[in-house]
Amino acid sequence: EAGVTQSPTHLIKTRGQQVTLRCSPISGHTSVYWYQQALGLGLQFLLWYDEGEERNRGNFPPRFSGRQFPNYSSELNVNALELEDSALYLCASSFPSAGQHNTEAFFGQGTRLTVV
Amino acid sequence: QKEVEQDPGPLSVPEGAIVSLNCTYSNSAFQYFMWYRQYSRKGPELLMYTYSSGNKEDGRFTAQVDKSSKYISLFIRDSQPSDSATYLCAMKGFVLEKLTFGTGTRLTIIP
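Calculation rules
- Residues numbered from 1 in each chain as written.
- Chains lettered and ligands numbered in written order.
- Predicted model: local features only at pLDDT ≥ 70, side-chain atom pairs only at ≥ 80, totals over all residues.
- Heavy atoms only, no water.
- Pairing = 2+ DSSP bridges.
- Helix = DSSP H or I, 4+ residues; strand = E, 2+ residues; numbered from the N terminus.
- Axes fitted to C-alpha atoms, helices over the stretch in contact; angles between N-to-C directions.
- Contact = heavy atoms within 4.5 Å.
- Buried area = accessible area lost by both parts, 1.4 Å probe.
- Salt bridge = Lys/Arg side-chain N within 4 Å of Asp/Glu carboxyl O.
- Polar contact = N/O pair within 3.5 Å; in protein donor to acceptor, adjacent residues only side chain to side chain.
- Nonpolar A, V, L, I, M, F, W, Y, C, P; charged D, E, K, R; others polar.
- Buried < 20%, exposed > 50% of the residue type's maximum accessible area, 1.4 Å probe, protein only.
- 1 Å grid on protein atoms, 1.4 Å probe; cavity = no way out; pocket = protein on both sides within 12 Å on 5 of 7 lines; lining within 4 Å.
- Points joined across faces, edges and corners; volume = space filled by probe spheres on them.

Student: Even after reading the chapter, I still don't get the sheet that holds strand S3 (residues 19-24) of chain A, so can you show me in this structure?
Tutor: All names here are of chain A. With respect to topology, four strands assemble into an open sheet ordered S1-S3-S8-S7, the strand pairing being antiparallel. Sheet topology places strand S1 (5-7) and strand S7 (64-68) at the edges, where each strand pairs with a single neighbour. Here the average twist between neighbouring strands, direction ignored, is 15°. Relative to strand S8 (residues 74-78), S7 runs antiparallel, the two being bridged by five bridges. Within S8, the residue paired with Gln68 across the bridge is Ser74.

Student: Where do I start with the interface of chain A and chain B in this structure?
Tutor: Interfaces are often sized by the amount of accessible area the parts lose when they come together. Each side of the interface is counted separately: chain A has 26 residues, and chain B has 21 residues. When chain A packs against chain B, close to 1900 Å² is buried across both sides, 57% of that on carbon and sulfur atoms. Our count for the chain A to chain B interface comes out at zero salt bridges. The tally of links from chain A across to chain B stands at five residue pairs in polar contact (both at pLDDT 80 or more). Contributing elements (two or more residues each) for the side of chain A that touches chain B: strand S4 (31-37), strand S5 (44-50), strand S9 (87-94) and strand S10 (106-107) of chain A. Each residue belonging to the side of chain A that touches chain B can be placed in one class, and the counts come to 13 nonpolar, eleven polar and two charged.

Student: What is the right way to look at the environment of Pro8(A) in this model?
Tutor: Residue and element names in this part refer to chain A. As for its position among the elements, Pro8 is in the loop between S1 and strand S2 (10-13). Classification of Pro8 by relative accessible area gives partly exposed; the value is 28%. It is 6.0 Å that separates the C-alpha atoms of Pro8 and Thr111, two residues lying 103 residues apart in sequence. Apart from residues lying up to four places away in sequence, Pro8 is in contact with Thr20, Leu21, Gly110 and Thr111.

Student: Any chance you could explain the layout of surface pockets here in plain terms?
Tutor: Over the atoms, a rolled probe matching the size of one water molecule traces out where space is still vacant. Taken as a whole, the largest pocket encloses approximately 710 Å³ of empty space. Of all the secondary-structure elements, those providing two or more residues to the lining of the largest pocket are S9 and strand S11 (111-115) of chain A together with strand S9 (85-93) and strand S11 (105-110) of chain B. With four residues, the top contributor of residues to the lining of the largest pocket is S11(B). Taken as a whole, the second largest pocket encloses approximately 460 Å³ of empty space. For the lining of the second largest pocket, the secondary-structure elements that each account for two or more residues are S4 and S5 of chain A together with strand S10 (100-101) of chain B. Taken together, the residues of the lining of the second largest pocket sort by class into seven nonpolar, eight polar and three charged.

Student: Sorry if this is basic, but what is going on with the pairing of strand S4 (residues 30-38) of chain B here?
Tutor: Each regular strand displays side chains that alternate between the two surfaces of the sheet. Residues and elements named next belong to chain B. Among the nine residues that make up S4, nine are buried, leaving the element largely enclosed by the rest of the structure. Direction of pairing for S4 relative to S9: antiparallel, over a ladder of eight bridges. Paired with Phe33 across the two strands is Met91, which belongs to S9. Where S4 lies against strand S5 (residues 45-51), six bridges are found, and the strand directions are antiparallel. Bridged to Tyr36 within S5 is Leu46. From the end of S4 to the start of S5, which pair antiparallel, there are six residues, and Arg41 there has a positive phi angle of about 65°.

As structure tokens, then:
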């Protein structure tokens, strides 16, 4: 069974540009989480999607946005890139917690974004 | 105060030793507890998953959850150099579905 897949694996962008990162969850998972992991920092929660809706977002500016498609895949969009946006962007998926116990979250390998 | 506290280390132990990694948390709504291993420049890999209190064992790894103390642990027996990585605890609740992570403990196993 395929795990969480993210694309692209690496990306170099110029300050001010826009970027779109993609995530395909494990089959059957409806919840998708996005995290930013900057060098030397922990995982910072960005967004949580479930059943196509944004359920929660972290303390990031509005230029970070995303969406979840009917097939539960997800995109993360970052506009007006800044140098400090350089980080590993991680996507994870899980079953929703309500009524289930097998809700462990699995991560993809991440997209490493470098802003120059 | 952070919702989840984890000693960032670094922690260095000799090969074969028992390693104990810990997290404390403040939110009693957390019900699901996970431990991840993350190698440098890679995504986190799920090691252990526990629902509510109790122990869970998988090979050389044992996860413990004490909800009354809001304390979780990961034990690694017969530690190997390949266990050298950053270990992250994570947790979520029925309603608080957002995964909340500790800052991670950097572990080095010395051959």
